[in-house]
Amino acid sequence: MDLALWIAAGTLALVALAGGVSKAFVPQAKLAAARGGEWTADAQPWFVKGLGVLELLAAAGLVLPAVTGVAPVLVPVTAVCWVLLMIGAMITHVRHGSANLVVLNLAYLAVAAFVAWGRFAA
């Protein structure tokens, strides 16, 4: 079970890292032109960059506390925050006509819920 939780948290961390880097460092016009990024055309630049920073923090929070042994409770707390972020992402994708991405967000949500459940129970 511990191995499955590490794999799940590591996978989510990679997803968060990729999303965070793209939102924080890729120009908004380029994001808006990409599949799944259409919603950024209507968003304020500070909002998109802020989400990118939050995703970068999530990438760290899903792995580093457990690796270092410093405040490991932050791993499930971060996973719960990721669940909330994915709910917002699903709402945003539906509103902007990208409902097909909701399934992907739902998968990420399920993995995050598994990590939260498994790490809170440990």
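Residues numbered from 1 in each chain as written. Predicted model: local features only at pLDDT ≥ 70, side-chain atom pairs only at ≥ 80, totals over all residues. Heavy atoms only, no water.

### Some remarks on unusual backbone geometry
- With a phi close to 50 degrees, Ala-71 is a non-glycine residue in the positive phi region.
- Tracing the sequence through the fold places Ala-71 in the loop between helix 3 (45–68) and helix 4 (74–95).
- When its relative accessible area of 36% is taken as the criterion, Ala-71 is described as partly exposed. (Helix = DSSP H or I, 4+ residues; strand = E, 2+ residues; numbered from the N terminus. Buried < 20%, exposed > 50% of the residue type's maximum accessible area, 1.4 Å probe, protein only.)

### What to know about the packing of helix 1 (residues 2–25) against helix 3
- As a packed pair, helix 1 and helix 3 sit with axes 7 Å apart at the nearest point and diverge in direction by 155 degrees. On the basis of their axis angle, the class for helix 1 and helix 3 is roughly antiparallel. In terms of crossing hand, the pair formed by helix 1 and helix 3 is left-handed.
- A class-by-class count of the residues in the contact of helix 1 with helix 3 yields 19 nonpolar, four polar and three charged. (Axes fitted to C-alpha atoms, helices over the stretch in contact; angles between N-to-C directions. Parallel < 35°, antiparallel > 145°, perpendicular 65-115°, else oblique. Left-handed = near helix turned anticlockwise from the far one by under 90°. Nonpolar A, V, L, I, M, F, W, Y, C, P; charged D, E, K, R; others polar.)

### So, helix 1
- Counted at 1.5 Å a residue, the expected span for helix 1 with its 24 residues is 34 Å, and the 34 Å between its end C-alpha atoms agrees.
- Taken residue by residue, helix 1 has Leu-5, Ala-8, Ala-9, Leu-12, Ala-13, Ala-16, Gly-19, Gly-20, Lys-23 and Ala-24 as its buried positions.
- Residues of helix 1 that are buried sit in contact with helix 2 (28–33), helix 3, helix 4 and helix 5 (102–121). (Expected span 1.5 Å × (residues − 1). Contact = heavy atoms within 4.5 Å.)

### A look at the packing of aromatic side chains
- In total, this model carries two aromatic pairs according to the counting rule given.
- Ring geometry for Trp-46 and Phe-47: centres 6.0 Å apart, planes at 90 degrees, overall edge-to-face.
- The exposure class assigned to Phe-47 is partly exposed, which follows from its relative accessible area of 36%. (Phe/Tyr/Trp six-rings, centres within 6.5 Å; stacked < 30°, edge-to-face > 60°.)

### Remarks on the layout of surface pockets
- Here the largest pocket defines a volume of roughly 670 Å³.
- Lys-23, Gly-36, Trp-39, Glu-55 and His-93 are the residues nearest the centre of the largest pocket, which is lined by 28 residues in total.
- Looking at the lining of the largest pocket, the elements that each hand over two or more residues are helix 1, helix 3, helix 4 and helix 5.
- The element that contributes the greatest number of residues to the lining of the largest pocket is helix 4, accounting for seven residues.
- For the lining of the largest pocket, the per-class residue count stands at 14 nonpolar, ten polar and four charged.
- Approximately 160 Å³ is the volume found for the second largest pocket.
- Residue lining of the second largest pocket: Leu-54, Glu-55, Leu-57, Ala-58, Thr-78, Cys-81, Trp-82 and Leu-85, and that is the complete set.
- Of all the secondary-structure elements, those providing two or more residues to the lining of the second largest pocket are helix 3 and helix 4. (1 Å grid on protein atoms, 1.4 Å probe; cavity = no way out; pocket = protein on both sides within 12 Å on 5 of 7 lines; lining within 4 Å. Points joined across faces, edges and corners; volume = space filled by probe spheres on them.)

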